[in-house]
Amino acid sequence: MIKAKRSQTDRAIERQKEAENRRLNTFSTEYFPAYVVWEITLACDQHCTHCGSRAIDPRQFEITLADALLIVAQLKEMKAREVVLIGGEAYLHPDFLEIIKALDQAGMTVVMTTGGYGIDQRLAEQMSEAGLKRCSVSIDGIDNTHDLMRAKKGSFQQAVKALGYLRHAGIDISVNSNFNRFNERDLEALYFLCLEQKVKTWQIQLTSPLGRAADRSDMLFQPFDLLDFVPRVARLKERGFSEGLLIMPGNNLGFFGPEEGLLRSQRPHHYDHFQGCQAGKYVLGIESDGAVKGCPSLQPVYISGNLKQSPLKTQWDQSPILGFARTRTVDDLSGYCKKCVFAEVCLGGCSFTAHAFFGKTGNQPYCHYRAIQMKKEGLRERVIPIQSADGLPFDHALFEIITEDFSAPLDRDEVGPWLLKIVSLEQRQKTHLIQIEDETKADNKSLK
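Just so you know, these numbers come straight off a predicted model, no measurement behind them.

Draft legend 1. Spotlight on the overall build of the protein chain. If you tally the helices and strands in the protein chain, you get 16 helices and twelve strands. Going through the 448 residues of the protein chain one by one, you find that 59% of them count as buried. Accessible surface, the protein chain as shown: approximately 19600 Å² in total, 53% of it carbon and sulfur.

See the structure below:
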């Protein structure tokens, strides 16, 4: 029997209940995996240039439907509230719809993050009927910019079509975007795209040197680029409150600059702020072969075990690797983070991002407050690659961080972000396509 589509009123009520359910007391030490990100296959139909998991082919020994149903039962036992299915591309798992159905019947909110390339109206309807409530489509630029980032011609148009298919199927849609030096000029244009597509939530995060992005260090933001980028995001967020688009930062965008309260809050004039890495506290990551980590983006050294051999509850309760963030203190920090005035609250920012740069957590180069304070001293920091990545899923390169005079000349490629900030939102929307078209050939060569 086909499940009836939810009415607009039903969807609004569900969204309100889910929003209330998502609020957690992060000061509590009664930790449980409230939010689970579950990679059900590493197979993918795109070869994204910044993909942290280097997704394209399935892992060896990926979970079967029988394995998946056992995992669902364990998640229910652990009182998981929300499960986000990812890949690779989640719909490429042969039992994708059955996994959605099982999670939904177990009482968890089922969400998906997708590149959208293989989603048509029929699949969107099937996903809705199985119990998928929300779907976030990854869009990393307009037209050619997105296609180059995703290494797939036509992927931008297909991602936009996927938004329409999902919306028509009664699934709440959102967009997530990964920003870096290559695509930052499309920030404002993507805002207008979200409005045009009736997207209600847009998550913005920074590209970290993880996976394929570790092979392209020239793509990455330098820490001082945040002085331009974060205020631009904040201006859009303020505007979004009045235009019906909620912009939320990913866990590696921040921290504690003057816009922190605005960036982290879901309502105007609220003052939420980053409260430290939640990996293994209220967040759980599961890989497609059953491996468990405290966060889906963490590197392999943080794998606590495999669900095919060890129950989730045992790992959650007993593994120091899984629960590393629960016991972190200022003494575990290093570099600038150790002496920062926000050290006790922030505790070094995003763990996987810090590790992606330096091979350990506790020193966060992508920090807006840090960049502001350095500028006040007439300085800026720069990250320089010193060791290449291994070429495996969730691997990373190694970088060193150097301090230089803030007035030192910028390389030619570094001028863009600073000059573009004087252009209005509307002007950017009209001119970005011309800028990208002029640079497509050169960028295409640099990304190969």
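Draft legend 2. Seen up close, the packing of helix α8 (residues 226-243) against helix α14 (residues 368-376). It is at 9 Å that the axes of α8 and α14 come closest, and there the two elements cross at 130°. One way to sum up the angle between α8 and α14 is to call them oblique. For the element pair α8 and α14, the recorded crossing hand is left-handed. Along the contact surface, α8 presents Leu226, Leu227, Val230 and Pro231, while α14 presents His368, Ala371, Ile372 and Lys375. Grouping the amino acids of the contact of α8 with α14 by side-chain chemistry returns six nonpolar, one polar and one charged.

Draft legend 3. Representation of the packing of aromatic side chains within the structure. The final tally for this structure, using the stated rule, is 13 aromatic pairs. With 5.6 Å between their ring centres and 70° between their planes, tyrosine 31 and tyrosine 282 make a pair best called edge-to-face. A residue pair is termed long-range when its members are at least 10 positions apart, and tyrosine 31 in the loop between α1 (8-22) and β1 (35-39) and tyrosine 282 in the loop between α9 (260-264) and β8 (283-286) qualify at 251 residues. The class for tyrosine 282 is buried, based on a relative accessible area of 3%. With 5.1 Å between their ring centres and 40° between their planes, tyrosine 302 and phenylalanine 324 make a pair best called tilted.

Draft legend 4. Seen up close, the nonpolar core. Counting residues in hydrophobic clusters, the biggest one holds 82 residues, and the most contacted among them are Trp38, Leu75, Leu85, Leu103, Met112, Met127 and Trp202. By residue number, the principal contributor to this core is helix α7 (residues 187-196), which donates seven residues.

Draft legend 5. Focus on the pattern of salt bridges. Taken as a whole and judged by the stated rule, the model has 18 salt bridges. The partner of arginine 181 in a salt bridge is aspartate 225, with the nearest N and O atoms 2.6 Å apart. Highlighted residues: arginine 181 in the loop between β5 (172-179) and α7 and aspartate 225 in the loop between β6 (201-206) and α8, separated in sequence by 44 residues. Look at arginine 181 and you get buried, because its relative accessible area is 15%. For aspartate 225, a relative accessible area of 1% corresponds to the buried category.

Draft legend 6. Layout of helix α4 (residues 121-130). For α4, the complete set of buried residues consists of Leu123, Ala124, Glu125, Met127, Ser128 and Ala130. Buried residues in α4 make contact with α3 (96-105), β3 (109-114), β4 (132-138) and α6 (155-168). One side-chain oxygen of the residue at the start of α4 lies 3.3 Å from the amide nitrogen of arginine 122, identifying that residue as aspartate 120. Immediately beyond the C-terminal end of α4, within one or two residues, lies glycine 131, with a positive phi of roughly 125°.

Draft legend 7. Here's a closer look at empty space enclosed by the protein. Applying the stated criterion to the full structure yields five cavities of 30 Å³ or more. Counted as a void, the largest cavity has a volume near 100 Å³. Residues of the lining of the largest cavity, tallied by class, amount to ten nonpolar, two polar and one charged. With four residues, α14 is the largest single contributor of residues to the lining of the second largest cavity. Its residues assigned to classes, the lining of the second largest cavity shows nine nonpolar, no polar and four charged.

Draft legend 8. Geometry of helix α13 (residues 351-358). Among the eight residues in α13, eight count as buried, and that is most of the element. Looking only at α13, the buried set comprises Ser351, Phe352, Thr353, Ala354, His355, Ala356, Phe357 and Phe358. Against the buried residues of α13 lie β11 (379-387) and β12 (398-405).

Draft legend 9. Broad picture of the sheet that holds strand β7 (residues 246-249). Pairing is mixed in the open sheet, where ten strands are placed in the order β7-β6-β5-β4-β3-β2-β1-β8-β9-β10. Two strands bound the open sheet, and with one partner strand each, they are β7 and β10 (305-306). One ladder, built from four bridges, connects strand β2 (residues 82-86) with β3; its direction is parallel. The residue of β3 that forms the bridge with valine 83 is valine 110. Where helix α2 (residues 65-77) meets the sheet, its contacts fall on β1, β2 and β8, and the angle it forms with β1 comes to roughly 170°.

What counts and how
- Residues numbered from 1 in each chain as written.
- Predicted model: local features only at pLDDT ≥ 70, side-chain atom pairs only at ≥ 80, totals over all residues.
- Heavy atoms only, no water.
- Helix = DSSP H or I, 4+ residues; strand = E, 2+ residues; numbered from the N terminus.
- Buried < 20%, exposed > 50% of the residue type's maximum accessible area, 1.4 Å probe, protein only.
- Areas by Shrake-Rupley, 256 points an atom, 1.4 Å probe, with all protein chains shown as cover.
- Axes fitted to C-alpha atoms, helices over the stretch in contact; angles between N-to-C directions.
- Parallel < 35°, antiparallel > 145°, perpendicular 65-115°, else oblique.
- Left-handed = near helix turned anticlockwise from the far one by under 90°.
- Contact = heavy atoms within 4.5 Å.
- Nonpolar A, V, L, I, M, F, W, Y, C, P; charged D, E, K, R; others polar.
- Phe/Tyr/Trp six-rings, centres within 6.5 Å; stacked < 30°, edge-to-face > 60°.
- Core = buried A, V, L, I, M, F, W, Y, C linked by side-chain atoms within 4.5 Å.
- Salt bridge = Lys/Arg side-chain N within 4 Å of Asp/Glu carboxyl O.
- Polar contact = N/O pair within 3.5 Å; in protein donor to acceptor, adjacent residues only side chain to side chain.
- 1 Å grid on protein atoms, 1.4 Å probe; cavity = no way out; pocket = protein on both sides within 12 Å on 5 of 7 lines; lining within 4 Å.
- Points joined across faces, edges and corners; volume = space filled by probe spheres on them.
- Pairing = 2+ DSSP bridges.

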